[in-house]
Amino acid sequence: MTAVRKIVDSNSLTGIFDLPIALQNRKVEVVLFPVEETDEIPASTRQKTLRMTMAQVEEWAKAPEIQNLVGILKGTDLPENVNIHDIRGQRLAEKYNA
């Protein structure tokens, strides 16, 4: 990544930045870095990730299949043919001491 560093008189920056009093009337160091825009990244190098809004995540988290998996099952000796309904039943039993 390319960067530029330069020491300048802070008075020359007053038209660009609102400087705090501690930085006014003195020499300051300015460091410039390019902003990486996602549109400029070639499609071949972009990560392919699932993008969801917070509302979509919250709605998805309410699904019974996800709620069944929240928490840790006390027993790890689950039979091989266990299904999601069995896990849900076990979780409810643990939760309500049934």
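In what follows, the accompanying structure is described. All residue numbers refer to positions counted from 1 along the written sequence of the respective chain. Totals for whole chains, interfaces and linings use every residue, but because this is a predicted model, local features are given only for residues with pLDDT of at least 70 and side-chain atom pairs only at 80 or more, for both listing and counting. Just so you know, side-chain values use all the structure's heavy atoms and leave hydrogens and water out.

Secondary structure follows DSSP: runs of H or I at least 4 residues long count as helices, runs of E at least 2 residues long count as strands, and numbering of each begins at the N terminus. Counting its regular elements, the protein chain contains 3 helices and 2 strands. Along the chain direction, N to C, the helices and strands of the protein chain fall in the order β-β-α-α-α. Residues counted as buried form 9% of the 98 residues belonging to the protein chain. Expressed as a percentage of contacts within the protein chain between residues at least 6 apart in sequence, the contacts between residues at least 24 apart total 25%. Surface accessibility follows the Shrake-Rupley procedure with a 1.4 Å probe radius. Residue values consider only the protein chains on display as shielding. Surface accessibility of the protein chain: about 9100 Å² in total, with carbon and sulfur atoms responsible for 56%. Note on classification: 1.4 Å probe, protein chains only; a residue is buried when its accessible area is under 20% of the maximum for its type, exposed when over 50%, partly exposed between these limits. Residues count as neighbours in contact if any of their non-hydrogen atoms are within 4.5 Å of one another.

Between side chains of opposite charge, a pair can form when the charged atoms approach closely. Think of a salt bridge as a Lys or Arg side-chain nitrogen and an Asp or Glu carboxyl oxygen that are within 4 Å of each other. By the definition in use, this model includes 1 salt bridge. One salt bridge connects E29 with R5, and the closest N-O pair in it is separated by 2.6 Å. Placement of the pair is E29 in strand β2 (residues 27-32) and R5 in strand β1 (residues 4-9), with a sequence separation of 24 residues. Since its relative accessible area comes to 62%, R5 is described here as exposed.

What follows is about a nonpolar patch on the surface. A patch consists of residues whose relative accessible area exceeds 30% and which take part in no salt bridge; residues with like charges are grouped when within 9 Å of each other, and nonpolar side chains (Val, Leu, Ile, Met, Phe, Trp, Tyr) when within 5 Å. Together, M52, M54, V57 and W60 line one region of the surface with nonpolar side chains, adding up to about 420 Å² of accessible area. Inspection of the secondary structure assignment puts M52 in the loop between β2 and α1 (54-61). You can call M52 partly exposed: its relative accessible area is 37%.

For the rest of this paragraph, the subject is the environment of E29. On the basis of relative accessible area, E29 is assigned to the partly exposed category, the value being 43%. Note: C-alpha distance between E29 and V8 (21 residues apart in sequence) is 6.3 Å. With residues near it in sequence (within four places) discarded, E29 still touches R5, K6 and I7.

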